[in-house]
Amino acid sequence: MARPNSGVLVSGNGLGYPPQNTARVVVWEWLNEHGRWRPYGAAVCHHIENVLKGDARGTVVLGQVDAQLAPYIIDLQSMHQFRQDTGTMRPVQRNFYEPSSAPGKGVVWEWENDNGTWTPYDMEICVTIQNAYEKQHPWLDLSSLGFCYLIDFNSMAQTNRQSQRRRRLRRRMDLAYPLTVGSIPKSQSWPVGASSGQPCSCQQCILVHSTRAASNAILASQRRKVYSGANPPSSGNQISTVRQSNTFAGAPLWSSGSGTMGGTSSSERVGSGSGSAHSPADLPAAHSLTINGQNNLNRPGTQRVSMGTARGAIPPGVPALPVKNLTGSGPVHPALAGMTGILMCAAGLPVCLTRAPKPILHPPPINKSDMKPVPGVNGIRRKTKKKHLRRGKNPEDVVRRYTEKIKIIPDEDCTICMERLVTSSGYDGLLNHKGIKAELVGKLGKCGHMYHLLCLVAMYNNGNKDGSLQCPTCKAIYGEKTGTQPPGKMEYHVIPHSLPGYPESKTIRIVYDIPAGIQTTEHPNPGKKFSARGFPRHCYLPDNEKGRKVLRLLITAWDRRLIFTIGTSSTTGESDTVVWNEIHHKTEFGSNLTGHGYPDPNYLDNVLAELSAQGVAEENLKE
């Protein structure tokens, strides 16, 4: 989706530039695992721009401006963010907005997450919210941006239109993002800091200095191995003479002579030696590396070649980085190895930086005989059919059941229609129900919040009509709340393996399976097909007392069709698909790389709170 007021990202080195002599606000962003571009803070963007003006092919040390970003650097030439302790690489981009937009004014819009902290919206959403706020719109529907959320500026809340979950939002002022006019001239060297005098003394710059020393040592060692006791290369296969790195003295990373390898042109193909490094042979096409002096960091072919192949492919005189991986098992410290790899890639030399570790999603293979029923839980599976909703009586009866009329009406707003309670409901003329007049006000029994009775009827008609009500202010549930989960199957059993953080317990495995189908009248687009991606989905709980309690509540939530719903995937952006419904599950068995695994000491308490918010609590457990 094209961003409003965003610039076109062009130019050979991946940097975007605004049109000549046009003022634009610059926002740097990184791509997360869900495919969303997340903005860096304004201070970080100012820091990146300052480095960019000095050297457009340089390296940005983010820890110099934000201590929380200490592990991260940005390579401006390849436009990637690199995490030094894990080797994880993510694309970055430079985006442009109007000076009058939210980033130009330093306005930040944030929503409150489950931990009670505040998370900024994506910049395109922030700009859209600020535009609506400045035009004094009472509310904003984000469905046009692919999100099923409604922003209410009067109550400063965000409401999920599918689950009706409500979160607080806020608007705060921060540093304005940097302003640029026209294009920025490209620099001549890489990395930054080549001629800036004494470099910074922070830990990350010290690490870069140690990287230079390590790479020089590797070079010297390689030259000794290549030339000690060996005949010099013949004139028909002349090798470039490689000298030490002098990055911070203003010279290129690797200085070489004018010779060529194997009589080829300046763009050489590196071969793979079947024996020693002195007898190179051509690699298969799938493993060939073309080295043209440019940064190969963002080229998948360079990253994915195995270390053995990469080292075998290096001709005489070309140094090899002795890194097996970036998880600590190689002979070089992961952070030092990563920095050395970046420097070597910039010089056009082959190096293997392995990707971040993959999550362990499933346990080892298990025989059916090893799968046991969960103690204290009846059965091993549940099924839902097309119609498992318990329909209540007519809307007026449901509203009267949970409210009491108010004779003395306070002078405050009805948070459903946003009209004063002392006036008629905003739905007057839109809804006509016998026995409920537009001016009647009722108070909910448990929480005491007051609304127009006609507004409560309108809210009920817009939901599942299952005989329950949920207070839009405090989310208190009256009756038994049910959802719109499509038909499917839930299975659960104990497997003889332990989760990280629970070495003394076996594991409860839950398997959800929902097939694709046709949406019904309770879904967003009745009569239209819906997809069901990633099923069957496997989820895990520790087989202890609290884990079994969570399982029993999840079974209740499944029976009430609250686990899944049909909507838009926040991961892929696909609409009309089966998605999770505000009850988080752990889908990683042996790791926690994505945040959906173990160890997580707070998960069981958090999911109990989420279940309670859906009206599924311990008192609801069926004996």
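Thresholds applied
Once a new chain begins, its residue numbering starts again from 1 and follows that chain's sequence as written. Where totals are concerned, whole chains, interfaces and linings use all residues; where local detail is concerned, this predicted model gives features only for residues with pLDDT of at least 70, and gives and counts side-chain atom pairs only at 80 or more. Hydrogens and water molecules were not included; the side-chain quantities draw on all heavy atoms of the structure. By definition, any uninterrupted DSSP run of H or I lasting at least four residues is a helix, any uninterrupted run of E lasting at least two residues is a strand, and each is numbered from the N terminus. Only protein chains enter the accessibility calculation, which uses a 1.4 Å probe. A residue is then buried if its area is under 20% of the maximum for its type, exposed if over 50%, and partly exposed in between. Contact criterion: two residues are considered in contact whenever any of their non-hydrogen atoms come within 4.5 Å of each other. With residues, only the protein chains shown are counted as cover, and all accessible areas are computed by Shrake-Rupley using a 1.4 Å probe. Two strands pair if DSSP finds at least two bridges between them. Lines fitted to C-alpha atoms define the axes here, with helix axes fitted over just the stretch in contact, and angles between the N-to-C directions of these axes take values from 0 to 180 degrees. When describing relative orientation, an angle under 35 degrees is termed roughly parallel and one over 145 degrees roughly antiparallel, while 65 to 115 degrees is termed roughly perpendicular and anything else oblique. Left-handed describes a crossing in which the near helix is turned anticlockwise from the far one by less than a right angle; the clockwise case is right-handed. Under the scheme applied here, ten amino acids are nonpolar (Ala, Val, Leu, Ile, Met, Phe, Trp, Tyr, Cys and Pro), four are charged (Asp, Glu, Lys and Arg), and all others, including Gly, are polar. What counts as a salt bridge is simple: a side-chain nitrogen of Lys or Arg found within 4 Å of a carboxyl oxygen of Asp or Glu.

### Re the overall build of the chain
Phase 1 of the analysis: Secondary structure assignment for the chain yields eleven helices and 30 strands.
Phase 2 of the analysis: Residues classed as buried in the chain amount to 46% of the 623 residues present.
Phase 3 of the analysis: Expressed as a percentage of contacts within the chain between residues at least 6 apart in sequence, the contacts between residues at least 24 apart total 63%.
Phase 4 of the analysis: Entry remark: accessible area of the chain is about 30,300 Å², with carbon and sulfur atoms responsible for 51%.

### Some points on the pairing of strand S11 (residues 157–160)
Phase 1 of the analysis: In S11, alternate side chains face the same way, and those of Ala 157 and Thr 159 on one face and Gln 158 and Asn 160 on the other are all buried.
Phase 2 of the analysis: Two elements, S11 and strand S12 (residues 166–173), share three bridges in a ladder whose sense is antiparallel. By the bridge assignment, Ala 157 is partnered in S12 with Arg 168.
Phase 3 of the analysis: Between S11 and the antiparallel strand that follows it, S12, lie five residues; Gln 164 among them carries a positive phi value of about 65°.

### Some details on the sheet that holds strand S9 (residues 139–141)
Phase 1 of the analysis: Spatially, S8-S7-S12-S11-S10-S9 is the arrangement adopted by the six strands of the open sheet, whose pairing is antiparallel. In the strand order of this sheet, the two ends are held by strand S8 (118–120) and S9, each with one partner. The sheet shows a mean angle of 30° between the axes of neighbouring strands, taken without regard to direction.
Phase 2 of the analysis: Sheet contacts for helix H3 (residues 123–134): strand S7 (107–112), S9, strand S10 (149–152) and S12; angle to S7, the most-contacted strand, approximately 105°.

### A closer look at the packing of helix H10 (residues 545–559) against helix H11 (residues 603–613)
Phase 1 of the analysis: Contact geometry for H10 and H11: axes closest at 10 Å, N-to-C directions at 25°. Here H11 runs roughly parallel to H10, going by the angle between their axes. Here the hand of the crossing between H10 and H11 comes out left-handed. Touching Lys 546, Gly 547, Lys 549, Val 550, Leu 553, Leu 554 and Ala 557 of H10 are Leu 604, Asp 605, Val 607, Leu 608 and Leu 611, all from H11.
Phase 2 of the analysis: Here the contact of H10 with H11 is composed, by residue class, of eight nonpolar, one polar and three charged.

### Some words on the pairing of strand S20 (residues 441–444)
Phase 1 of the analysis: With three bridges connecting them, strand S19 (residues 403–405) and S20 associate as antiparallel partners. Looking at S20, one finds that Lys 405 is bridged to Gly 442.
Phase 2 of the analysis: Across three bridges, the pairing between S20 and strand S21 (residues 450–452) is antiparallel. When the bridges of S21 are listed, Val 441 appears paired with His 452.
Phase 3 of the analysis: Between S20 and S21, which pair antiparallel one after the other, the connecting turn spans five residues, and Gly 448 there sits at a positive phi close to 85°.

### Structural notes on the pattern of salt bridges
Phase 1 of the analysis: Per the stated rule, a full pass over the model turns up 30 salt bridges.
Phase 2 of the analysis: Two residues, Glu 404 and Lys 443, come together in a salt bridge whose shortest N-O distance is 3.8 Å. Here Glu 404 is found in strand S19, whereas its partner Lys 443 is found in strand S20, with 39 residues between them in sequence.
Phase 3 of the analysis: Looking at Glu 404, the relative accessible area reads 45%, which means it is partly exposed.
Phase 4 of the analysis: Taken together, the shared-partner salt bridges in this structure form one network comprising Arg 36, Arg 38, Asp 122 and Glu 124.

Don't take any of this as a statement about function, it's just geometry.
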